[in-house]
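Summary of the model geometry
The lines below spell out each chain.
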Number of protein chains: 2
Amino acid sequence: MIKPRTLNGFRDYLPSVMIPRERLMETARGVFRSFGFAPIDTPTLEYLEILTGKGSDETDRQIYRFEDNGGRAVGMRFDLTVPLARFAAQHINELGTPFKRYHIAPVWRGERPQAGRYREFIQCDFDTIGTTGVMADIETVAVIDRLLSQIGFERFTISINNRGVLTELLRHLEMENKTVELLRALDKLAKIGRDRVAAEMCDTAGVTAAQADKVLALAELNGDAESIFQRLPDLVGPGEAGQAAIERLKDVYQGALAAGVPAERIKIDVSIARGLDYYTGMIFETTLDDLPKIGSVCSGGRYDNLAGLYTKQHLPGIGASLGLDRLLAAMETLDLLGDAKTPADVFIAYFDADRRDDYLTLSAALRDRGISNEIYPEPKKLGAQLKYADGRGFKIAIVAGANEWSEDRVQVKTLASKQTQDVNYRHDQSDDLVQALKQILAGEV
Amino acid sequence: MIKPRTLNGFRDYLPSVMIPRERLMETARGVFRSFGFAPIDTPTLEYLEILTGKGSDETDRQIYRFEDNGGRAVGMRFDLTVPLARFAAQHINELGTPFKRYHIAPVWRGERPQAGRYREFIQCDFDTIGTTGVMADIETVAVIDRLLSQIGFERFTISINNRGVLTELLRHLEMENKTVELLRALDKLAKIGRDRVAAEMCDTAGVTAAQADKVLALAELNGDAESIFQRLPDLVGPGEAGQAAIERLKDVYQGALAAGVPAERIKIDVSIARGLDYYTGMIFETTLDDLPKIGSVCSGGRYDNLAGLYTKQHLPGIGASLGLDRLLAAMETLDLLGDAKTPADVFIAYFDADRRDDYLTLSAALRDRGISNEIYPEPKKLGAQLKYADGRGFKIAIVAGANEWSEDRVQVKTLASKQTQDVNYRHDQSDDLVQALKQILAGEV
């Protein structure tokens, strides 16, 4: 006998977790589609050279790689960005631009497993490729707002910045040759705090404590958007690039408001640096106000050229990644997940063995009217069946025995409140029952 | 520069294929849930010994296998049945029975790629575990009927049989010791025809031509269900096992009718043999009446013990597999797929650069009312924008320039018919526009 077990760093998804996970993905797909983002999919396995093309040594080490039966060096994708770049290089002439795509799929990284982190996890990315228009930047913010709202969050903050603002700020302070080190330190501000960031700046960028202080003062520029936009031009200095970056940031902010994103959800945060060598324009992060410590749940930015490794065609774009697994964990913490182990609402007890076909007809009638339901597969004792229904998380149980069937009625039991009512039902007359069930499911009784 | 390409036997899914593929999966999920099947997921990678545990040599050869960084022999799953068996053995005490699950996920087989067959493809399985009740058999037929109907097929046939009927038939003919060879030949009846099956029977089972003829006559037993059920008892002979199998088959047939499956979609077909050593009770296949040659699009059966390799716990069940890729190909052949390259309905031209925020507010208002839409990201010439909209497959384009905005109206262009109408619209008054759009989308104008 073989011991049934999963590999270290991998996990099974039981219904109680998989049901909300599917719901999350469906919500995301619905939002993406409502903005005209189209789905794509790419192979799990790619030529290894495609995957390692631009990766860091760190990423390279994490790739699951092997030689296939044909002797090819292959790897399992470790993100959805590299496959998108390869995909775009290969198909963009057929696809045309602007090209808006979403991609929800698993990726694999052979990293040391940590609490809550797995070697296989879902990524959920959306990108707009082939345009530098600010409309795409604005829309990205609007998508994030709608994603989180529809998933069920109300209190969250989309922090936006523009790489140009940050770069020109540093130039104005005559620290542009320290940009990489300063930004790398700055990026940790939320995580490790002001003092340790200042120390790191002095350490790695070789700036004085006073200079570090100036950078941090800028990064901590606070207040509402209007006051920040008033102070920024002077801080950034008179250069054209800096002023253009500020204008662009302002455009994104105003556009997002016009698109219906509440002002209190957008924060202008010039301390965000992200992806030092990749992003070139707008950059953004999203945090849950009630759980700031879990970090950003949706991040990304604008890049100049997506697929330079695979094509000479210049493909600017903007993209974001929604942290599905992190969101799921957050929802669990905030008690936003149900605990149902079934996707169906109504349980039908199979009580009277002679009436098998009647239960089947009842089940089909409810399903036709949009009420999901399950019949117990065996005419066991009612107590055992109701225990099963309760354990699975059904909201309602329908019980009908010889008496009920002969009197054209069924018993409707609301499992949470343990209330029971008699409702008229005949195979050719199910309106009363459908109405009663819908009322209970809507929480009206 | 690295040449962008996919591995042999793998493919990219562009939006025009991915949109209907997602729709298909969503329909399947909806149907499964409406019967109370719950989703699960399992890791892509499993210990190799888990995967090879019961596989045939043929399957073993096809597994993508390698040694991971920890030196473990691992493999990528080649179906969803082995992972389900492992999963059930590991979790069944927590899950309880009956356990109804669906699982829609990719699997990998390193077989020689053929036209229309890939090394990575989606499987879509549903199973009811832990019950021998006929209710589960009936429900399986009802699920298949609803799956194919909701996907958009009207003309299809679910052929059902019971392994007991077939086995007892052969015993009655005193050919039970030839069962394996005879069934293996019989299984090819639809594919290679009567004559070649008869020849194979003589060849491999060593029966006479007359005996082969008898088996084939039984297998070709034809007519409506009632007449078949009348003739079966005599043919199968007086043994208890045979009569019980016939009764069970009759129960499934009658139950399916009660569950609303149209009689003309169910065929009693005692020639179906499938999975010689695995299935033990009901077995079934589903063919599209308009495309019989593509073979079964949904098959499966009842098994006695799912997970004997991994647990001593006895787990009977019944399951089926929906051939998603085959269905997609069929839908393409039958012209049941649209050719849209966008999931959104309405295109909003970005025409007047000064009105950027107005387009954004319009877009959000329509989205709030359930109308998916996309704004062109740059204020390009209208002709280029409309060409883009047409190429993507949008149904409607909304055009508004300085005149329209100042007069509180927009132009609504139906792209297929090239009709244009003026419709009143203000940000605080979008009812007229929403109604006009919904009418066009519903095909009412």
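Residues numbered from 1 in each chain as written. Chains lettered and ligands numbered in written order. Predicted model: local features only at pLDDT ≥ 70, side-chain atom pairs only at ≥ 80, totals over all residues. Heavy atoms only, no water.

Re the overall build of chain A
What chain A contains, in helices and strands, is 17 helices and 16 strands. Dimensions of chain A along its principal axes, counting C-alpha atoms only, are 90 × 60 × 45 Å. Here chain A holds 445 residues, and 57% of them are scored as buried. Total accessible area on chain A is roughly 18600 Å²; 45% of this is exposed by carbon and sulfur atoms. Each charge class in chain A can be summarised by its mean position, and for the 55 positive and 65 negative side chains these summaries are 4 Å apart. (Helix = DSSP H or I, 4+ residues; strand = E, 2+ residues; numbered from the N terminus. Buried < 20%, exposed > 50% of the residue type's maximum accessible area, 1.4 Å probe, protein only. Areas by Shrake-Rupley, 256 points an atom, 1.4 Å probe, with all protein chains shown as cover. Lys, Arg positive; Asp, Glu negative; His and termini not counted. Charge placed at Lys NZ, Arg CZ, Asp CG, Glu CD.)

Some words on the relation of the copies chain A and chain B
Once chain A has been moved 0.0 Å along the axis and rotated by 180°, it coincides with chain B to within an RMSD of 0.1 Å. Such values leave the two copies arranged in the relation of a two-fold axis. Closest to the rotation axis within chain A is the C-alpha of Phe66 of chain A, separated from it by 3.1 Å. (Least-squares fit on C-alpha atoms with pLDDT ≥ 70 in both.)

Regarding the interface of chain A and chain B
With 106 residues of chain A at the interface, the matching set in chain B holds 106 residues. In this assembly, chain A and chain B are joined by 16 salt bridges. Glu26 of chain B is the partner of Arg33 of chain A in a salt bridge, and the nearest nitrogen-oxygen pair spans 2.7 Å. For the pair chain A and chain B, the number of links is 43 residue pairs in polar contact (both at pLDDT 80 or more). Sort the elements by how many residues they give to the side of chain A that touches chain B and helix H1 (residues 15-34) of chain A lands first, with 9 residues. Of the residues assigned to the side of chain A that touches chain B, the class counts are 48 nonpolar, 25 polar and 33 charged. (Contact = heavy atoms within 4.5 Å. Salt bridge = Lys/Arg side-chain N within 4 Å of Asp/Glu carboxyl O. Polar contact = N/O pair within 3.5 Å; in protein donor to acceptor, adjacent residues only side chain to side chain. Nonpolar A, V, L, I, M, F, W, Y, C, P; charged D, E, K, R; others polar.)

With respect to the sheet that holds strand S4 (residues 73-76) of chain B
All names here are of chain B. Pairing is antiparallel in the open sheet, where 3 strands are placed in the order S2-S4-S3. Only two strands of the sheet have a single partner each, and these edge strands are strand S2 (45-47) and strand S3 (65-67). Strand-to-strand twist of the sheet, defined as the mean angle between neighbouring strand axes without regard to direction, takes the value 35°. Alignment of S2 against S4, held across 3 bridges, turns out to be antiparallel. By the bridge assignment for S4, Tyr47 is matched with Val74. (Pairing = 2+ DSSP bridges. Axes fitted to C-alpha atoms, helices over the stretch in contact; angles between N-to-C directions.)

Some points on the pattern of salt bridges
The full count for this structure, using the stated rule, is 62 salt bridges over all chains. For Glu404 of chain A, the salt bridge goes to Arg409 of chain A, with nearest N and O atoms at 3.8 Å. Its salt-bridge partner being Asp290 of chain B, residue Arg155 of chain B comes within 3.0 Å of it at the nearest N-O pair. Here Asp290 of chain B lies in the loop between strand S9 (279-288) and strand S10 (298-303) and Arg155 of chain B lies in the loop between helix H5 (134-151) and strand S7 (156-162), a separation of 135 residues in the sequence. With relative accessibility at 41%, the residue Asp290 of chain B sits in the partly exposed group. Here the salt bridges share partners, and the residues they tie into one network are Glu22 and Glu26 of chain A together with Arg29 and Arg33 of chain B.

Here we look at the sheet that holds strand S3 (residues 65-67) of chain A
All names here are of chain A. Taken together, 3 strands build an open sheet; the order of strands is S2-S4-S3 and the sheet is antiparallel. Because the sheet does not close on itself, it has two edges, and the strands there are strand S2 (45-47) and S3. Adjacent strand axes in the sheet meet at a mean angle of 35°, parallel and antiparallel pairs treated alike. Here S3 runs beside strand S4 (residues 73-76); their pairing, made up of 3 bridges, is antiparallel. Bridge pairing links Arg65 to Gly75 in S4.

Quick look at the environment of Ala329 of chain A
Mapped onto the elements, Ala329 of chain A comes out in helix H13 (residues 324-333). Using a relative accessible area of 40% as the deciding quantity, one classes Ala329 of chain A as partly exposed.

Considering the packing of aromatic side chains
This structure, assessed with the given rule, holds 35 aromatic pairs over all chains. Ring geometry for Phe66 of chain A against Phe66 of chain B: centres 4.4 Å apart, planes inclined by 0°, an arrangement best described as stacked. You can see Phe66 of chain A sitting in strand S3 and its partner Phe66 of chain B sitting in strand S3, one on each of two chains. Both residues of the pair, Phe66 of chain A and Phe66 of chain B, count as buried. Taken together through their ring pairs, the aromatic side chains of Phe10, Tyr64 and Phe66 of chain A together with Phe10, Tyr64 and Phe66 of chain B make up a single cluster. Seen from the ring of Phe35 of chain A, Arg367 of chain B lies directly overhead, with NZ or CZ sitting 3.4 Å from the centre. (Phe/Tyr/Trp six-rings, centres within 6.5 Å; stacked < 30°, edge-to-face > 60°. Lys NZ or Arg CZ within 6 Å of the ring centre and 35° of its normal.)

Brief notes about the domain arrangement of chain A
Along its sequence, chain A is carved into domain 1 (15-173 + 218-333) and domain 2 (346-441). Each of domain 1 of chain A and domain 2 of chain A has a C-alpha centre, and the two are 47 Å apart. (Domains from an automatic or database assignment.)

Regarding the packing of helix H5 (residues 134-151) of chain A against helix H14 (residues 356-368) of chain B
Orientation of H5 of chain A relative to H14 of chain B, taken along the N-to-C sense of each, is 30°, at an axis distance of 12 Å. It follows from the interaxial angle that H5 of chain A and H14 of chain B lie roughly parallel. In the crossing of H5 of chain A with H14 of chain B, the sense of the turn from one axis to the other is right-handed. Contacts between H5 of chain A and H14 of chain B involve Val134, Met135, Ile138 and Arg146 of chain A from the first element and Arg356, Tyr359, Leu360, Ala364, Arg367 and Asp368 of chain B from the second. Counted by class, the contact of H5 of chain A with H14 of chain B contains 6 nonpolar, no polar and 4 charged residues. (Parallel < 35°, antiparallel > 145°, perpendicular 65-115°, else oblique. Left-handed = near helix turned anticlockwise from the far one by under 90°.)

Focus: the side chain of Ser34 of chain A
Mapped onto the secondary structure, Ser34 of chain A falls in helix H1. In this structure Ser34 of chain A comes out as buried when scored by relative accessible area, which is 12%. In this structure the side chain of Ser34 of chain A is engaged in a polar contact, spanning 2.8 Å, whose partner is the backbone oxygen of Val31 of chain A. Not counting the four nearest positions on each side in its chain, Ser34 of chain A is found in contact with Arg146 of chain A together with Arg367, Ser372 and Asn373 of chain B.

What about the pairing of strand S11 (residues 317-322) of chain B?
All names here are of chain B. The buried fraction of S11 amounts to 5 of the 6 residues, a majority that puts the element mostly inside the structure. As paired strands, strand S6 (residues 120-129) and S11 are joined by 6 bridges and run antiparallel to one another. When the sheet's bridge partners are listed, Cys124 is paired in S11 with Leu322. Pairing geometry for S10 and S11, over 6 bridges, is antiparallel. In the strand pairing of S11, Gly301 is matched with Gly319.

Some details on empty space enclosed by the protein
Taken as a whole and assessed by the stated rule, the structure comprises 6 cavities of 30 Å³ or more. What the largest cavity holds in volume is close to 740 Å³. Forming the walls of the largest cavity are 46 residues, and the residues nearest its centre are Ile104 and Pro106 of chain A together with Ile104, Ala105 and Pro106 of chain B. Of all elements in the fold, only H1, strand S5 (99-108) and strand S6 (120-129) of chain A together with helix H1 (15-34), strand S5 (99-108) and S6 of chain B reach the threshold of two or more residues within the lining of the largest cavity. In terms of residue count, the dominant contributor to the lining of the largest cavity is S5 of chain A (6 residues). (1 Å grid on protein atoms, 1.4 Å probe; cavity = no way out; pocket = protein on both sides within 12 Å on 5 of 7 lines; lining within 4 Å. Points joined across faces, edges and corners; volume = space filled by probe spheres on them.)

Section: helix H15 (residues 382-392) of chain A
One full turn of an α-helix is made of 3.6 residues, so residues set three or four places apart face in the same direction. Turning to H15 of chain A, its buried residues number three or more, namely Gln385, Leu386, Tyr388, Ala389 and Arg392 of chain A. Along H15 of chain A, the residues classed as buried sweep out an arc of 155° about the axis, all on the same side. Exposed side of H15 of chain A, more than 90 degrees from the buried face: Gly383 and Lys387 of chain A are the residues found there. Buried positions along H15 of chain A lie against strand S12 (346-348), strand S13 (373-375), strand S14 (396-399) and strand S15 (409-414) of chain A together with helix H4 (81-95) and S5 of chain B. (Arc of directions from axis to C-beta.)

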